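An overview of the molecular structure
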Amino acid sequence: MRKFLVLLDDSRECLNAMRFAAMRAENTGGAVLILSVIAPEEFNHWIGVGDLMREEARERIEAHFEVFAKWMRDKHKIMPELVIREGEAAEEILAQVREDPRIGVIVLGAGSGKKGPGPVITQLTRSAGSLPVPLTIVPGELSKERLEAVT
């Protein structure tokens, strides 16, 4: 079974990436792995404070994941898997792909504002020719109806 790895973050475009991954997994008999990455700079405090902040970040991620997981289970009969890593997002995505040979596609949502598609997409597309799996970039402004039509 092929897994679609999708990045869970606080961006608006993350929603479209989740939708796309769930619909593609349902339509192809695949699975969804939701990866969330905690940036290391979030914990550059005293050890006790950093540990507390790390635990709070994990709790926020798990709560956010449960919203998407419930939607995927109820609407698409997909049971997503959550992986939480610490580090830089692009590096951790590639590390997860190397560690899990069942991942067949990376799915990321692209921003459409003045800031461009986002730093993770910018980093990964620089090395697109040598990525170990295909990278699917889902426009953040794509309508739900259009997403359904293309999946």
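The coordinates are above.
Fair warning: this is a prediction, and the values are worked out from it, not measured in the lab. (Residues numbered from 1 in each chain as written. Predicted model: local features only at pLDDT ≥ 70, side-chain atom pairs only at ≥ 80, totals over all residues. Heavy atoms only, no water.)

Quick look at the packing of helix H3 (residues 89-99) against helix H4 (residues 119-126) now. As a packed pair, H3 and H4 sit with axes 9 Å apart at the nearest point and diverge in direction by 55 degrees. The angle between the axes of H3 and H4 places the two elements in the oblique class. Crossing geometry of H3 relative to H4 is assigned as right-handed. Of H4, the residues touching H3 (which contributes Ala89, Ala90, Ile93 and Leu94) are Val120, Gln123 and Leu124. (Axes fitted to C-alpha atoms, helices over the stretch in contact; angles between N-to-C directions. Helix = DSSP H or I, 4+ residues; strand = E, 2+ residues; numbered from the N terminus. Parallel < 35°, antiparallel > 145°, perpendicular 65-115°, else oblique. Left-handed = near helix turned anticlockwise from the far one by under 90°. Contact = heavy atoms within 4.5 Å.)

A few words now on unusual backbone geometry. Positive phi outside glycine occurs at Lys77, with the angle close to 60 degrees. With respect to the helices and strands, the residue Lys77 is situated in the loop between helix H2 (47-76) and strand E3 (81-86). By relative accessible area, which is 65% here, Lys77 ends up exposed. (Buried < 20%, exposed > 50% of the residue type's maximum accessible area, 1.4 Å probe, protein only.)

Counted by the stated rule, this structure contains nine salt bridges. Between Glu141 and Arg12 there is a salt bridge, with its nearest N and O atoms 3.0 Å apart. Taken together, the residues Glu141 in the loop between strand E5 (135-139) and helix H5 (144-150) and Arg12 in the loop between strand E1 (3-7) and helix H1 (14-28) connect sequence positions 129 residues apart. Judged by relative accessible area, which is 63%, Arg12 ranks as exposed. Between Arg85 and Glu99 there is a salt bridge; the shortest N-O distance is 3.0 Å. Placement of Arg85 in strand E3 and of Glu99 in helix H3 is noted, with a sequence separation of 14 residues between them. (Salt bridge = Lys/Arg side-chain N within 4 Å of Asp/Glu carboxyl O.)

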